[in-house]
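# Remarks on the overall topology
The chain contents come next:
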Amino acid sequence: MTQQTVLVINSGSSSIKYQLVDPAAGTSLASGLVERIGEETGHIEHKFGDVTREIDGPVPDHGDGLRKVLALFDEVGPNLHEAGIVAVGHRVVQGGKFFSGPAIIDEAVEQKIRDLCPLGPLHNPAHLKGIEVARELMSDVPHVAVFDTAFFQSLPDEAATYALNKEVAEKYQIRRYGAHGTSHQFVSGEVARFLDRDDLKQIVLHLGNGASASAVVNGHAVDTSMGLTPLEGLVMGGRTGDIDPAAVFHLVREAKMEISEIDDLFNKQSGLKGLTGDNDMRVVRSRIEAGDADCRLAMDVYVHRLLKYVGAYTAVMGGLDTITFTAGAGENDSDLRRELCARLEYTGLKLDQEKNNVRSKEARVISTPDSTITVLVVPTNEELAIAKQAMTLI
Ligand code: AMP
């Protein structure tokens, strides 16, 4: 069979990340990043095989950025048509209640993504910039939107509904949409495949700079920690996660803060960053080893929050078969996994300390054979997941 590939695009407000993926083989052929779009000097990095080509210079807008990327595919390779491109897959954070799966992008879908900007103000406008220019510059292949919220559209009403005034919630579409759904769907699917079992009660902990937990029963999400926006839930690199909403009223009344300032405070200046000054878990870890009390407290708060979600989701599912760690810190921070699992020993969970300490890019079990709960590390691969979802519509 001839190779079929998907160019996966994740467009941010001043960046475009991309990867050319062969979904059937599960491999990446080329990848790159355009950064600092619209600033004085931009930066482009394109990787193909052993070659990395970097360009510094102004990239005035997303259209210019993508044009330069397409030129790099021609110059450095691989040639997109020879590589068998059949679709472009676009990551979209907020799909609201409209999208419970991927969608071929036409005018109507693009308009829906635009209509959802108030619910995804930090992400959807940036995705639209990428979608608009990509559809124009690569009009010979279908473009598919893959939504971070889609996996959680099937949440039971009891999990998706806030106990907020019904009229207000309906009028302003306030409910739990979740996020990181592409990763939770991919990782929970990999766990089922790896253990060769479909009948699993799973908790997936996606612990990266953004962090979220999900409860998945027999392949269907039944709860997740991110809410109306990715702000709710776990402690994150820069986000508070759960916090009493009355803190907002207090800051408005007492500190006279503007909503935009509180938005920035809760989304960017809090979490690990707010507690320690650093949002990078590696730095927080090394400061703990040096005896830093702020960092120790931050990790304790982080693990305490995780523990509460694991307990809550076990109760929601009426049991628990697997806990899976994924994303930057979940995949790499063995101390974090050890600290959480130590707090769960009362359940009969037993971590295999040696396996926990092994570094690997492969999916693996890190609990002992007699552990009541199977603990796994499964690397997430959102680009591959997006490419696979895009292929289902081609
Ligand atoms: P992501 O958003 O998935 O790219 O994950 C980023 C987060 O993973 C950052 O907080 C990193 O510090 C963390 N991370 C990456 N590698 C490690 C590591 N070896 N140990 C601890 N944390 C790590």
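Source: prediction; values computed, not measured. (Residues numbered from 1 in each chain as written. Predicted model: local features only at pLDDT ≥ 70, side-chain atom pairs only at ≥ 80, totals over all residues. Heavy atoms only, no water.)

## Describing the pairing of strand S8 (residues 143–147)
Rules: Three exposure classes are used, based on accessible area relative to the maximum for each residue type with a 1.4 Å probe and protein chains only: buried under 20%, partly exposed in between, and exposed over 50%. Secondary structure counts use DSSP, requiring at least four H or I residues in a row for a helix and at least two E residues in a row for a strand, with both numbered from the N terminus. The rule for pairing is simple: two strands pair if DSSP sees at least two bridges between them.
Extensive coverage of S8 is indicated by the burial of five of its five residues. Of the two faces of S8, the one holding His143, Ala145 and Phe147 and the one holding Val144 and Val146 are both buried throughout. Alignment of strand S6 (residues 85–92) against S8, held across five bridges, turns out to be parallel. If you follow His90 over to S8, its bridge partner there is Ala145. As judged from the two bridges shared by strand S7 (residues 103–104) and S8, these two strands associate in the antiparallel manner.

## As for the layout of surface pockets
Convention followed: Both site types are read off a 1 Å grid over the protein atoms alone. A 1.4 Å probe that fits but cannot get out defines a cavity, while an open set with protein on both sides within 12 Å along at least five of seven lines defines a pocket; lining residues have an atom within 4 Å of a point. Grid points are joined across faces, edges and corners, and a volume is the space filled by probe spheres set on the points. Classes in brief: Ala, Val, Leu, Ile, Met, Phe, Trp, Tyr, Cys and Pro nonpolar; Asp, Glu, Lys and Arg charged; the others, Gly included, polar.
Its volume calculated, the second largest pocket comes out at about 250 Å³. Along its surface, the second largest pocket is lined by 13 residues, and Thr161, Ala169, Glu170, Ile174 and Arg175 are the ones closest to its centre. Of all the secondary-structure elements, those providing two or more residues to the lining of the second largest pocket are helix H4 (157–160) and helix H5 (166–171). Here the lining of the second largest pocket is built from residues that sort into six nonpolar, two polar and five charged.

## Re the sheet that holds strand S4 (residues 42–48)
Under the convention used in this document: Any two residues whose heavy atoms approach within 4.5 Å at even a single point are treated as in contact. Geometry is summarised by axes, namely lines fitted to C-alpha atoms with helices restricted to the contacting stretch, and by angles between N-to-C directions that run from 0 to 180 degrees.
If you walk across this open sheet you meet the eight strands as S5-S4-S3-S2-S1-S6-S8-S7, and the pairing is mixed. The open sheet has two edge strands, strand S5 (51–57) and S7, and neither has a second partner. Relative to S5, S4 runs antiparallel, the two being bridged by seven bridges. Among the inter-strand pairings, Ile44 is bridged to a residue of S5, identified as Ile55. With respect to the sheet, helix H1 (residues 62–75) is in contact with strand S1 (5–11), strand S2 (16–22), strand S3 (27–35), S4 and S5, its orientation differing from that of S2 by roughly 35 degrees.

## Quick notes on the site of the ligand
Selection rule: By convention in these notes, a residue is near a molecule or strand provided one of its non-hydrogen atoms lies within 4 Å of it. What qualifies as a polar contact is a pair of N or O atoms within 3.5 Å, subject to a donor-acceptor requirement within protein and to the restriction that residues adjacent in sequence count only when both atoms come from side chains.
Taken together, Gly208, Asn209, Asn279, Asp280, Met281, Arg282, Ala327, Gly328, Ala329, Asn332, Asp333 and Arg359 form the complete shell of residues around the ligand. Within the backbone of Asn209, a nitrogen or oxygen atom sits 2.8 Å from an oxygen atom of the ligand. Contact distances for the ligand include 2.9 Å between a nitrogen atom and a side-chain N or O atom of Arg359. At four residues, the largest contribution of residues to the shell around the ligand is made by helix H12 (residues 327–332). Here the shell around the ligand is composed, by residue class, of three nonpolar, five polar and four charged.

## Remarks on unusual backbone geometry
With an omega of -5 degrees, the peptide bond between Gly77 and Pro78 qualifies as cis. Counting through the fold element by element, Pro78 comes out in the loop between H1 and S6. Phi angles above zero are rare outside glycine, and His180 is one such case at about 60 degrees. Mapped onto the elements of the fold, His180 is located in the loop between H5 and helix H6 (181–195). Judged by its relative accessible area of 10%, His180 falls in the buried class. Notably, Ala327 is not glycine yet its phi reads approximately 75 degrees, a positive angle.

## Points about the UniProt feature "binding site: substrate" (unreviewed entry) in the protein
The cut-off we apply is this: UniProt positions are given in the numbering used here, feature names are shortened, and annotations may be inferred rather than shown by experiment.
Within the UniProt annotation, "binding site: substrate" (unreviewed entry) is assigned to Arg91. Relative to the elements of secondary structure, Arg91 occurs in strand S6. The residues contacting Arg91, other than those within four sequence positions of it, are Ile9, Asn10, His127, Val146, Asp148, Glu382 and Ile386.

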